[in-house]
Amino acid sequence: MSTKFKFITLCLCYGFSIHAQEVLTKDEAVALALEHNYGVKIAKNAVTVAENNTSILNTGFLPTVTGNAGATYNINNTEAEFSDGTSTILDGAESSNYNASINVNYTLFDGLGRHYNYKRLKEAYKLSELQARETIENTILQLFSVYYNVAQLTDNLNTLEETLRITKDRLVRAEYQFDYGQNTKLEVLNAEVDINNDSINIINIKQDIKNAKRDLKLVLGANYTLDYEVETEVDFLIQLEKDSLFEKAKARNTALLQTETNIAISELDIRSGKSGYLPTIGLTGTYGWNKSNNNAASFVAVSTNTGLSGGLNLSWDLFDGGSTMIAVRNAKVNLETQKLEKESILLSIERDFNNAWDNYMNKLEIYNIQEKNIITAENNFKRTEEKFKIGQVNSIEFRQAQLNLLSVELSRNAAKFEAKLSELEVLKLSGELLNVQF
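Residues numbered from 1 in each chain as written. Predicted model: local features only at pLDDT ≥ 70, side-chain atom pairs only at ≥ 80, totals over all residues. Heavy atoms only, no water.

Caption draft 1: The arrangement of the overall build of the protein chain in detail. Assigned secondary structure in the protein chain consists of 9 helices and 6 strands. For 438 residues, the compact-globule estimate of 2.2 N^0.38 gives 22 Å, and the C-alpha radius of gyration of the protein chain, at 41 Å, exceeds that figure by more than 25%. Dimensions of the protein chain, computed from the C-alpha atoms along their principal axes, are close to 150 × 60 × 30 Å. Within the protein chain, buried positions represent 36% of all 438 residues. Taking the contacts inside the protein chain whose residues are at least 6 apart along the sequence as the reference set, 81% of them involve residues at least 24 apart. Total accessible area on the protein chain stands at roughly 26,200 Å², and carbon and sulfur atoms take up 54% of it. (Helix = DSSP H or I, 4+ residues; strand = E, 2+ residues; numbered from the N terminus. Rg over C-alpha atoms; globule rule 2.2 N^0.38 Å. Buried < 20%, exposed > 50% of the residue type's maximum accessible area, 1.4 Å probe, protein only. Contact = heavy atoms within 4.5 Å. Areas by Shrake-Rupley, 256 points an atom, 1.4 Å probe, with all protein chains shown as cover.)

As structure tokens, then:
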């Protein structure tokens, strides 16, 4: 088989293998992370528990029903004297008693404690949803940090492979020139050294891509049987406005919303604690059955009772040792703490948002400059390449122009994805991360 035929066959097989690789889009990656990421799953379970806690079955508003049953058996030695003066002595006298009842208890009023506890459970459910949302936002940021790392490495690999292709063409030219006496062996050796260096860079970056893809699979919480590519194109949301986003940050930031929910919970804790100062009023009802088998010393040999009974009870802790008073005081302190926490978070949001926005603007400007720098570097390389072909520059100068272009392209790739990640950080702080198209 000729070398040319082998090369064509290898290219065809490589092309088929690339075509067989599926592309993991950004939208698909987000969907997989939301479905399979373990942190997101745990957060969703916490929301489910909080939702279950808001059920009326967990509020104390429903009555309690209990069933009781019992049996006793007695063997006694009995000495009895009756009112007519007679007496009797029984040894081993047997008697038994059987009973069963259904009891119903219902609290009519407990100082509104149940009412405020139910509201607190609803606020706790709201808090769990916000915590889950924060987990999802952090997961998405982590996802894109790894996803764009794979994308950047993929772009870098394509750039390095193009660099290797150019160096191989240079080696072929140097070998032809050496064969025809137009060049020294040194040019061939220099090209071979550069090919080896370029090949090593490609080997290293391919390993980096494998490692980055494993990191991505970990965030996704899913295992893939096929290799995959990622999208390397990036779209920036040029319609973003700083003032509008900052106002949204003060209204929709996840950390701020959690603090506001904690304030509402603390207010309900105060009201719930004050319910301890009020009485508790309840209803009781019983349906019972009782049968007694008495010994011979009793006037009644067997008695059976069935019937209903009901009652109203009132319980009032006039003084509980001061525990209710301390609980109310601590709840008020917690409320003040939450309000201070809110003020602190507002200041942090303003600082973090301004830092993130400026960082985003700087990274975006750097990316735009790098795009322009690419044009200059490409023009410089093309001119150097033309001069190299006609012998006006040597291989060292050609290689330097090639490395300059490579450095600019790698810097441009890094700037592109760093700018996009900075944009996502701004969206997270403003509470808009889950409302945009990735």
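Caption draft 2: Summary view of the packing of helix α3 (residues 38-53) against helix α4 (residues 113-179). One can describe the packing of α3 onto α4 by two numbers: an axis separation of 8 Å at closest approach and a directional angle of 170 degrees. Here α3 is positioned roughly antiparallel relative to α4, judged by the angle of their axes. For the pair α3 and α4, the contacting residues are Gly39, Val40, Ala43, Ala46, Val47, Ala50, Glu51 and Asn53 in the first and Leu121, Ala124, Tyr125, Ser128, Glu129, Ala132, Thr135, Ile136 and Thr139 in the second. Looking at the contact of α3 with α4, its residues break down into 10 nonpolar, 5 polar and 2 charged. (Axes fitted to C-alpha atoms, helices over the stretch in contact; angles between N-to-C directions. Parallel < 35°, antiparallel > 145°, perpendicular 65-115°, else oblique. Nonpolar A, V, L, I, M, F, W, Y, C, P; charged D, E, K, R; others polar.)

Caption draft 3: Fine view of the confidence of the model for the protein chain. With 93% of its residues at a pLDDT of 70 or more, the protein chain has an overall mean of 89. Taken together, the stretch residues 1-20 has pLDDT below 50 and engages in 2 contacts with residues farther than four places along the chain or on a different chain. (pLDDT = per-residue confidence, 0-100.)

Caption draft 4: Broad picture of the pairing of strand β3 (residues 87-109). Pairing of strand β2 (residues 64-81) with β3, which is carried by 17 bridges, proceeds in the antiparallel orientation. Within the sheet, the bridge partner assigned to Glu79 lies in β3 and is Ile89. Here β3 pairs with strand β5 (residues 280-293) via 13 bridges, running antiparallel. Residue pairing for β5: Asn103 is matched across the bridge by Thr286. (Pairing = 2+ DSSP bridges.)

Caption draft 5: Summary view of the packing of α4 against helix α9 (residues 395-429). Close contact between α4 and α9 brings their axes to 10 Å; oriented N to C, the two are set at 165 degrees. Our classification of the angle between α4 and α9 gives roughly antiparallel. Like other packed secondary-structure pairs, α4 and α9 cross with a definite hand, here right-handed. Here the contact of α4 with α9 is built from residues that sort into 13 nonpolar, 10 polar and 9 charged. (Left-handed = near helix turned anticlockwise from the far one by under 90°.)

Caption draft 6: Highlighting the pattern of salt bridges. Considering all chains together, one arrives at 17 salt bridges under this definition. Asp194 is the salt-bridge partner of Arg399, the closest N and O atoms lying 3.5 Å from each other. Remark: Asp194 occurs in helix α5 (residues 185-220) and Arg399 occurs in helix α9; sequence separation between them is 205 residues. Of the two residues, Arg399 and Asp194, both sit in the buried class. In this structure, Arg399 engages Asp198 in a salt bridge whose closest nitrogen and oxygen atoms are separated by 2.9 Å. Of the two residues, Arg399 is situated in helix α9 and Asp198 in helix α5; the sequence distance between them amounts to 201 residues. Given a relative accessible area of 10%, Arg399 falls into the buried group. Assessed through its relative accessible area of 2%, Asp198 is described here as buried. Several salt bridges share partner residues, and in doing so they unite Arg170, Asp194, Asp198 and Arg399 into one network. (Salt bridge = Lys/Arg side-chain N within 4 Å of Asp/Glu carboxyl O.)

Caption draft 7: Fine view of the packing of aromatic side chains. Under the criterion given, the structure shown has 11 aromatic pairs. When the centroid spacing of 6.5 Å and the interplanar angle of 90 degrees are considered together, the rings of Phe61 and Tyr118 count as edge-to-face. Taken as a pair, Phe61 in the loop between α3 and β2 and Tyr118 in helix α4 lie far apart in primary sequence, 57 residues in all. Under the relative-accessibility criterion, Tyr118 is labelled partly exposed at 29%. On the basis of an interplanar angle of 70 degrees and a centroid distance of 6.1 Å, the ring pair of Trp357 and Tyr360 is categorised as edge-to-face. (Phe/Tyr/Trp six-rings, centres within 6.5 Å; stacked < 30°, edge-to-face > 60°.)

Caption draft 8: Examining α3 more closely. The first and last C-alpha atoms of α3 sit 23 Å apart over 16 residues, in line with the 22 Å expected at 1.5 Å per residue. Three or more residues of α3 are buried, namely Val40, Ala43, Val47 and Ala50. Taken end-on, α3 shows its buried residues confined to a sector of 80 degrees, consistent with a single buried face. Summarising the geometry of α3, the exposed residues directed more than 90 degrees from the buried face are Tyr38, Ile42, Asn45 and Asn52. Elements in contact with the buried residues of α3: α2 (26-36) and α4. (Expected span 1.5 Å × (residues − 1). Arc of directions from axis to C-beta.)

Caption draft 9: Molecular detail of the UniProt feature "coiled-coil region" (unreviewed entry) in the protein chain. Look at the UniProt record and you will see "coiled-coil region" (unreviewed entry) annotated at residues 150-177 and 367-427. Between the C-alpha atoms that bound residues 367-427 there is a distance of 19 Å. The span itself is 92% helix and 0% strand. (UniProt positions renumbered as here; feature names shortened; annotations may be inferred.)

Caption draft 10: Main features of a positive patch on the surface. There is a patch of like positive charges on the surface, built from Lys119, Lys122, Arg271, Lys274, Arg329 and Lys332. At the level of secondary structure, the elements contributing two or more residues to the positive patch comprise α4, α7 (254-274) and α8 (323-389). In this structure, Lys274 sits in helix α7. (Patch = residues over 30% accessible without salt bridge, like charges linked within 9 Å, V, L, I, M, F, W, Y side chains within 5 Å. Lys, Arg positive; Asp, Glu negative; His and termini not counted. Charge placed at Lys NZ, Arg CZ, Asp CG, Glu CD.)

Caption draft 11: Spotlight on the side chain of Asn253. By secondary structure assignment, the location of Asn253 is in the loop between α6 (242-252) and α7. A polar atom in the side chain of Asn253 sits 3.0 Å from the backbone nitrogen of Ala255. When near neighbours in sequence (up to four residues on either side) are disregarded, Asn253 contacts Lys248, Ile349, Lys428 and Leu429. (Polar contact = N/O pair within 3.5 Å; in protein donor to acceptor, adjacent residues only side chain to side chain.)

Caption draft 12: Highlighting the sheet that holds strand β6 (residues 302-315). In spatial order, the strands read β2-β3-β5-β6; together these 4 strands make up an open sheet with antiparallel pairing. Both edges of this open sheet fall to β2 and β6, since each of them pairs with a single strand only. Strand-to-strand twist across the sheet, computed as the mean angle between neighbouring axes with direction ignored, equals 20 degrees.

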